[in-house]
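Chain by chain, the residues:
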Amino acid sequence: MKKGVMRPGHIQLRVLDMKEALEHYRDLLGLIEVETDSQGRVYLKGWTEVDKFSVVLREADEPGMDFVAYKVLNNQVLEQLEQELKEYGCQVEEIPAGELNGCGRRVRFDSPTGHMFEIFAEKEQTGKWGVKNVNPEAWPRDLKGMKATRFDHCLLYGPNIEGTVKMFQEVLGFDIAEQVIDDEGKRPALFLTVGMKAHDVAFIECPEPGKLHHASFFLDTWEDVLRAADLISMEDVSLDIGPTRHGLTHGKTIYFFDPSGNRSEVFCGGDYHYPDHEPVTWTADELGKAIFYHDRALNDRFLTVLT
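From a predicted model like this one, the values you see are computed outputs, not experimental measurements. (Residues numbered from 1 in each chain as written. Predicted model: local features only at pLDDT ≥ 70, side-chain atom pairs only at ≥ 80, totals over all residues. Heavy atoms only, no water.)

**Student:** Outline the overall build of the chain, listing residues and values.
**Tutor:** Summing up its helical and strand segments, the chain has six helices and 17 strands in all. A compact globule built from 307 residues would reach a C-alpha radius of gyration of about 19 Å, and the chain, at 18 Å, matches this within 12%. The principal-axis extent of the C-alpha atoms belonging to the chain is close to 50 × 45 × 45 Å. Taking all 307 residues of the chain together, the buried fraction comes to 53%. Contacts in the chain between residues at least 24 apart in sequence constitute 68% of all its contacts with a sequence separation of at least 6. Surface summary for the chain: the accessible area is close to 13,800 Å², and the carbon and sulfur share equals 48%. Measuring between centres, the 34 positive side-chain charges of the chain sit 4 Å from its 53 negative side-chain charges. (Helix = DSSP H or I, 4+ residues; strand = E, 2+ residues; numbered from the N terminus. Rg over C-alpha atoms; globule rule 2.2 N^0.38 Å. Buried < 20%, exposed > 50% of the residue type's maximum accessible area, 1.4 Å probe, protein only. Contact = heavy atoms within 4.5 Å. Areas by Shrake-Rupley, 256 points an atom, 1.4 Å probe, with all protein chains shown as cover. Lys, Arg positive; Asp, Glu negative; His and termini not counted. Charge placed at Lys NZ, Arg CZ, Asp CG, Glu CD.)

Right, here's the structure in full:
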């Protein structure tokens, strides 16, 4: 049953050097730099995103993710979900409006996997970058780099993913779109969606809590992914793997690293999911093909490098 969560809202990433980080997220990925706040955090967005920002970069001593947030329908839904999260046993913190520039009150809560999540109802809407809302042109002329359209999802590693996924299902109304099942019937990987997308967040079982595998950004076409691969080579960016196709979700993808060691993904395509769809299942013996459909094998770096 849907609970009023609409979509991913923003992710706050820790970076070691802001100048180098902006060369990655703004100049290479092509996100739009919106502003810098009084704390030195830099706000960015994909050009198709209506809200003011979707990525926040914070300079810190170690890389990784501070939190990822989801936008809910309205303040009534926000208050209801806040109460349900408390009743579910989550540690809940209220973040006042304005703590992030242009964003309303946020509700932050913990999870069994050790990640921090947020929900919010209000954020300043600045519209698509360089495209009017009346008689819009196809795209802006001044886009940079890979021309990322939006922040799409993140993949998170931690212990007890079943506990976190249960919370996302029962309290927040997410559906399981895809899953990996091992020989013992356990599920080491789960992909969740709150709408029609292939996934809005994914989890993989890992003993270390609160880890980020990657933040992912959507591109329009396979040709755009191949162009992204060219830019990665031109700029001597650290490549993880790709361009290739996933078996899980069937998205066409490439993975690479920001200067701080956080992994980025750009991808296109992917399956769709409706609430009446059964989860797509991959068996653990086909995990290589599930992750990298063409290679049918996993590289060690993809499984072990986390921030």
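Next, the rest of the story.
**Student:** Please set out the nonpolar core residue by residue, giving values where relevant.
**Tutor:** Formed by 61 residues in total, the largest nonpolar core has its most connected members in Leu 57, Ile 119, Met 146 and Phe 168. In this structure, Leu 248, Tyr 255, Phe 292 and Phe 302 belong to the second largest nonpolar core, which totals 17 residues. (Core = buried A, V, L, I, M, F, W, Y, C linked by side-chain atoms within 4.5 Å.)

**Student:** With reference to specific residues and values, describe the pairing of strand 1 (residues 5–15).
**Tutor:** For strand 1, the tally of buried residues reaches nine of 11 residues, placing the bulk of the element in the interior. One ladder, built from eight bridges, connects strand 1 with strand 5 (residues 64–72); its direction is antiparallel. Paired with Arg 7 across the bridge in strand 5 is Lys 71. (Pairing = 2+ DSSP bridges.)

**Student:** Now, about the environment of Gly 242: what can you tell me, with residues and values included?
**Tutor:** Among the secondary structure elements, Gly 242 is positioned in strand 14 (residues 239–245). Distance in space between the C-alpha atoms of Gly 242 and Val 225 is 9.3 Å, their sequence separation being 17 residues. Excluding residues within four positions of it along the chain, Gly 242 makes contact with Thr 253 and Ile 254.

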